[in-house]
Amino acid sequence: MIEHASHSLLVAGRPTLTSPLGAALAQRSIHVERAVYDLADELLMTSAFDGVAVVPTLLSHDAGVAWDTVQHELTGVFRLVQQYIRAVSAEGRGGHIFGLVPANAAMGDPADCHGSALAGGMLSFWRTLALEVVKFRMTANIVLYGERTDWGDLAAMIHTLMSQNQGTITGQEIYADAGRDGGRLHP
């Protein structure tokens, strides 16, 4: 049993992934609150978090997904991140922003154009985000996971990034996909 959490993290988005990730993070002494985007906004207004992790909900191989859904998901991600930045900068403390994206979508999956478009939008947003939030003593990193990713290993990576004193690791796309991206040209 964990007596004292060393960090607090809001994990928002895809419920089927936030549960196993949340359990793995708790094993690393990270207090986790899980929520969908709308409830996450409310939590950010009432609680202070050391970080926020966004897990997009669309990324699927459903050919019936409309482009409006991709736009809606990106808008939810942007709004949540913006709300977190406002909360952290108003309090004058540092923070961490994580995006968790499937590696196959980030590498451009021709069978999943909607998921790849969402992943591409998030990668581009996080690159710019990392440059912008450094003035608030914040970090922004993307963690790309795959089917063989161990949630415990992913939690260890997030814990390590949250434990940085000066936030020197930021703007990175970190592949945690058991080496499946090895030797491939990244986007």
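Because the structure is a prediction, the values reported are computed rather than measured. Each chain carries its own residue numbering, running from 1 in the written order of its sequence. Only residues with pLDDT of at least 70 are given local features in this predicted model, and only at 80 or more are side-chain atom pairs given and counted; all residues enter the totals for whole chains, interfaces and linings. Based on all heavy atoms of the structure, the side-chain values leave hydrogens and waters out of the count.

This next bit is on helix H6 (residues 151-162). Only runs of H or I of at least four residues qualify as helices and only runs of E of at least two qualify as strands under DSSP, and these elements are numbered from the N terminus. An expected span of 1.5 Å times one less than the residue number is assigned to each helix. The first and last C-alpha atoms of H6 sit 16 Å apart over 12 residues, in line with the 16 Å expected at 1.5 Å per residue. When H6 is considered as a whole, its buried residues turn out to be Leu-154, Ala-155, Ala-156, Ile-158, Leu-161 and Met-162. Polar contacts, as counted here, are pairs of nitrogen or oxygen atoms within 3.5 Å of one another; within protein the pair requires one atom able to donate a hydrogen and one able to accept it, and residues that are adjacent in sequence qualify only if both atoms are side-chain atoms. Structurally, the start of H6 carries an N-cap: the backbone nitrogen of Gly-152 is 2.8 Å from a side-chain oxygen of Asp-150. With a 1.4 Å probe rolled over the protein chains alone, any residue whose accessible area is under 20% of its type maximum counts as buried; one over 50% counts as exposed, and the rest are partly exposed.

Here we take up the pairing of strand E6 (residues 173-176). Pairing of strand E5 (residues 138-145) with E6 involves four bridges; the strand directions are parallel. Bridging across to E6, Ile-142 finds its partner in Glu-173. Any two strands with at least two DSSP-identified bridges between them are counted as paired.

It is worth spelling out the side chain of Thr-170 at this point. Inspection of the secondary structure puts Thr-170 in the loop between H6 and E6. A distance of 2.9 Å separates a polar side-chain atom of Thr-170 from the backbone nitrogen of Ala-140. The contact criterion used throughout is that any non-hydrogen atoms of two residues lie within 4.5 Å. Look past the residues within four positions of Thr-170 in its chain and what remains in contact with it is Ala-130, Met-138, Thr-139, Ala-140 and Asn-141.

Turning to unusual backbone geometry, a few remarks are in order. With a phi angle near 65°, Ser-29 is a residue other than glycine that sits in the positive phi range. When its relative accessible area of 24% is taken as the criterion, Ser-29 is described as partly exposed. For Arg-137, which is not glycine, the phi dihedral falls at a positive 60°. When you line up the elements, Arg-137 lands in the loop between helix H5 (113-133) and E5.

This next bit is on the sheet that holds strand E1 (residues 7-13). An order of E2-E1-E3-E4-E5-E6 is seen for the six strands of this open sheet, with the pairing classed as parallel. The open sheet has two edge strands, strand E2 (30-35) and E6, and neither has a second partner. Across the sheet, the mean angle separating the axes of adjacent strands is 20° when strand polarity is ignored. With four bridges connecting them, strand E3 (residues 51-55) and strand E4 (residues 95-102) associate as parallel partners. Opposite Gly-51, over in E4, you have His-96 as the bridge partner. Sitting on the sheet, H6 is in contact with E1, E2, E3, E4, E5 and E6, with an inclination near 150° to E4. Between the N-to-C directions of two axes lies an angle of 0 to 180 degrees, each axis being a line fitted to C-alpha atoms and, for a helix, fitted only over the stretch in contact.

Once that is clear, we can look at the environment of Phe-136. Along the chain, Phe-136 turns up in the loop between H5 and E5. Using a relative accessible area of 31% as the deciding quantity, one classes Phe-136 as partly exposed. On a C-alpha basis, the gap between Phe-136 and Arg-93 in space is 7.5 Å, while along the polypeptide they are 43 residues apart. The residues touching Phe-136, leaving out its near neighbours within four places in the chain, are Ile-85, Ser-89, Arg-93 and Gly-94.

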